[in-house]
Structure formats: structure tokens, C-alpha cells
Amino acid sequence: MNPTIRGFDYRRVTVADGVTLNAAVAGSGSPVVLLHGFPQTHLMWRHVAADLAADHTVICPDLRGYGDSDKPADPDGTAYAKRTMAADVVALARALGHDRFALAGHDRGALVAVRAGLDHPQAVTHLAALDVLPTLDMWDVLHGTTAAVGFHLYLMAQPPGLPEQLIGASPDAFFGHFLDAWTRDPDALPADVRAAYLRASREAVTSIVADYRASAGIDVEHDRTDRAAGNRLRMPVTVLQQDWGAALGYDAAGLWRAWAPDLEHRTVSCGHFMAEESPAEVVKALRALLAR
């Protein structure tokens, strides 16, 4: 039995033809949608979601291709485009009765959130991104030996076949590496939660690779089109991230500000899994964003 977010109801919601998402829902008040990252599920939001549900309707889905959500095939490279995954999120919120909502995403979920903000500005009232850069900027800052930190990005960018075979041969070692290397507080990922993440990832190798492959292909095309057109995030935006700019030599806030004029950018001292390592800090930032 997978652990769940205590006090949340679980629903399966159809968001596209043949695609149903698993979502945990609780609370009442203005809606907030929380999108998880890699290699995790909606469960990563368990502390933050419980706090926000005191005065908000909180919706925590598993993204398509992850957790207990559907994992459609990807014959043409579009099934896991962030544009497609963002449309899922808008459809999910609408199906639950919300045409407008605040949106926060971590890691892969943050890339989906950014795309939702660009494609659906009428729906996304506030946007938070945790520990990523926009796709175009992410690729631009990785160069030389420092790019080794993103080896998984390059592995999963390869054509279908080899990445799935390599990762599938030892999935717990692969996904477990990131759970161990990216956290500064191992106690933030209890054994049952860690096991749930590994189990979910083990069962989703093909779709997780497809998600990453899209970020080396169609997602880049979409971002380039937006950049050329001057399309930017119109809503208040908060970004929380580790100080990767200092480590890799770039101005993180400056890169984000090019996409988000109304920006609050903060660096954190915890590890990558900040919603689990420092949930109070994340909640404080999200509540401040919602008040803007």
C-alpha cells in the first residue's frame, strides 16, 4: 500500500482522451495546484499541502506518466510535451470546478507549471517554481565538466531504446541515486516514502524517459517560439532554488526575470527536495505569493 496524504480524498479525473490523472484533494477556499518533480509523486507535497488546505482548496496530482496516473504511449514525441502536460493540469482543475487557480511546481512539475502559465495565462493566477530553470536556460548553462551534474538529462534525451534499456536494467540504483544525492537531510525522505518513489519510478521508466526526452526536443521548440514572440509570464511569480548560479556561473534571478517580470527570487539552504526538507519555508513563500 502506497502512503497517502493524510486527510486528502483521492480521485481519478479524466483530463484528455484516454488519460486519467490520480489526484489528492482537500480543503476549501481559493484553489492551489501542486505539481511534483522527479523522481517523485504527488506525495512530496504532503507537508505543504496539509498546511495550505487549512484555507485553500489544494489539488495534488500525479503528472501523466508518473505515480498512479495514466502513462500513455508516445509515438510522435508530443504525449509528454510540457504543453500537453500543462493542458492536463488546466483540464484537471476545470473538472474539479476551478477555471482559475494558483500553481506551484517542483522540478519537472515546475516546467509544466511554467508552460501552463505561458499557454493559459487566463487560468493561472499565481505561479511558483521550485529548483529549476526554464528549459532553454537549463540547456544553455550546462557546459564543460559542470554539465556532468545533469548527466541524466543527456541520457534521457537519446532516441527511444537505449535509455529505457539502461535505466530499466537497474531502476532502483538509477532513481535512488537522485533521491540520495539531491537531499541534504535524508530523514526528510522516510523509508516508506522513499520506497514509494522507487516503486512508482520503477513502473514508469518509459514515460519518465519520454518526459525528459521532450525537454530536449519539442519543449525547446515551444520555448524558443515564446522567446522570439516576447511571450512572458503575466502573473506574480516566485522562484525558490538552491544557489546553482554560484556553482555553475550564471545569474539565476536574471534568467528568470527575462520570463517573469513580476518576480520574487530566493535561494534556499536546504537540498533539492525542499518541500520535504524545509516545508515551513516553502509554505511561507507560497502564502506570500498568494497575497501578491
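You'll find the structure just up there.
Residues numbered from 1 in each chain as written. Predicted model: local features only at pLDDT ≥ 70, side-chain atom pairs only at ≥ 80, totals over all residues. Heavy atoms only, no water.

1. Some points on the overall build of the protein
Okay, step 1: When helices and strands are tallied, the protein shows 14 helices and eight strands.
Okay, step 2: Its C-alpha atoms give the protein a radius of gyration of 17 Å, within 12% of the compact-globule value 19 Å for 292 residues.
Okay, step 3: With respect to the principal axes defined by its C-alpha atoms, the protein has extents near 45 × 45 × 40 Å.
Okay, step 4: A total of 292 residues make up the protein; the buried ones form 60% of that total.
Okay, step 5: Surface accessibility of the protein: about 11600 Å² in total, with carbon and sulfur atoms responsible for 53%.
Okay, step 6: Taken together, the 26 basic and 35 acidic charged side chains of the protein have centroids lying 3 Å from each other. (Helix = DSSP H or I, 4+ residues; strand = E, 2+ residues; numbered from the N terminus. Rg over C-alpha atoms; globule rule 2.2 N^0.38 Å. Buried < 20%, exposed > 50% of the residue type's maximum accessible area, 1.4 Å probe, protein only. Areas by Shrake-Rupley, 256 points an atom, 1.4 Å probe, with all protein chains shown as cover. Lys, Arg positive; Asp, Glu negative; His and termini not counted. Charge placed at Lys NZ, Arg CZ, Asp CG, Glu CD.)

2. Details of the sheet that holds strand β8 (residues 263-267)
Okay, step 1: Strands sit in the order β1-β2-β4-β3-β5-β6-β7-β8 across an open sheet of eight strands; the sheet is mixed. Each having just a single partner strand, β1 (9-16) and β8 make up the two edges of the open sheet. Across this sheet, the average inter-strand angle for adjacent strands is 20°, counted without regard to direction.
Okay, step 2: Packed on one face of the sheet, helix α2 (residues 82-95) meets β1, β2 (19-26), β3 (31-35), β4 (57-61) and β5 (101-106) and runs near 125° to β1.
Okay, step 3: Most of the contacts of helix α14 (residues 279-290) go to strand β6 (residues 124-130), to which it runs at about 155°, and overall it touches β3, β5, β6, β7 (237-241) and β8. (Pairing = 2+ DSSP bridges. Axes fitted to C-alpha atoms, helices over the stretch in contact; angles between N-to-C directions. Contact = heavy atoms within 4.5 Å.)

3. Quick look at the packing of helix α6 (residues 162-169) against helix α7 (residues 171-181)
Okay, step 1: At a closest axis distance of 5 Å, the pairing of α6 and α7 adopts a crossing angle of 90°. In terms of axis orientation, α6 runs roughly perpendicular to α7. Within the contact between the two elements, α6 uses Ile167, Gly168 and Ala169 and α7 uses Pro171, Phe174 and Phe175.
Okay, step 2: Residues of the contact of α6 with α7, tallied by class, amount to five nonpolar, one polar and no charged. (Parallel < 35°, antiparallel > 145°, perpendicular 65-115°, else oblique. Nonpolar A, V, L, I, M, F, W, Y, C, P; charged D, E, K, R; others polar.)

4. Details of the pairing of β5
Okay, step 1: For β5, the buried fraction is high: six of the six residues fall into the buried class.
Okay, step 2: Burial along β5 is two-sided: the face carrying Phe101, Leu103 and Gly105 and the face carrying Ala102, Ala104 and His106 are both buried.
Okay, step 3: In the sheet, β5 pairs with β6 via five bridges, with the strands oriented parallel. Looking at the pairing, Ala104 lines up with Ala128 of β6.
Okay, step 4: In this view, the connection linking β5 to its parallel neighbour β6 by way of helix α3 (residues 108-119) has right-handed handedness. (Right-handed = clockwise from strand over helix to strand, strands pointing away.)

5. Describing the nonpolar core
Okay, step 1: Core analysis: the largest hydrophobic core is formed by 104 residues, its most contacted members being Leu34 and Trp45.
Okay, step 2: If near-sequence neighbours (up to four positions away) are discounted, Leu34 is found in contact with Trp45, Val48, Ala49, Leu52, Val58, Ile59, Cys60, Pro61, Ala104 and Leu286. (Core = buried A, V, L, I, M, F, W, Y, C linked by side-chain atoms within 4.5 Å.)

6. Focus on the packing of α2 against α3
Okay, step 1: Where α2 meets α3, the closest approach of the two axes is 8 Å, and the angle between their N-to-C directions is 80°. The pairing of α2 with α3 is recorded here as roughly perpendicular in orientation. Facing Lys82, Arg83, Met85, Ala86 and Val89 of α2, the residues of α3 in contact are Arg108, Leu111, Val112, Arg115, Ala116 and Asp119.
Okay, step 2: Within the contact of α2 with α3, the residues separate by chemical class into six nonpolar, no polar and five charged.

All quantities given are derived from atomic positions and should not be read as evidence of function.
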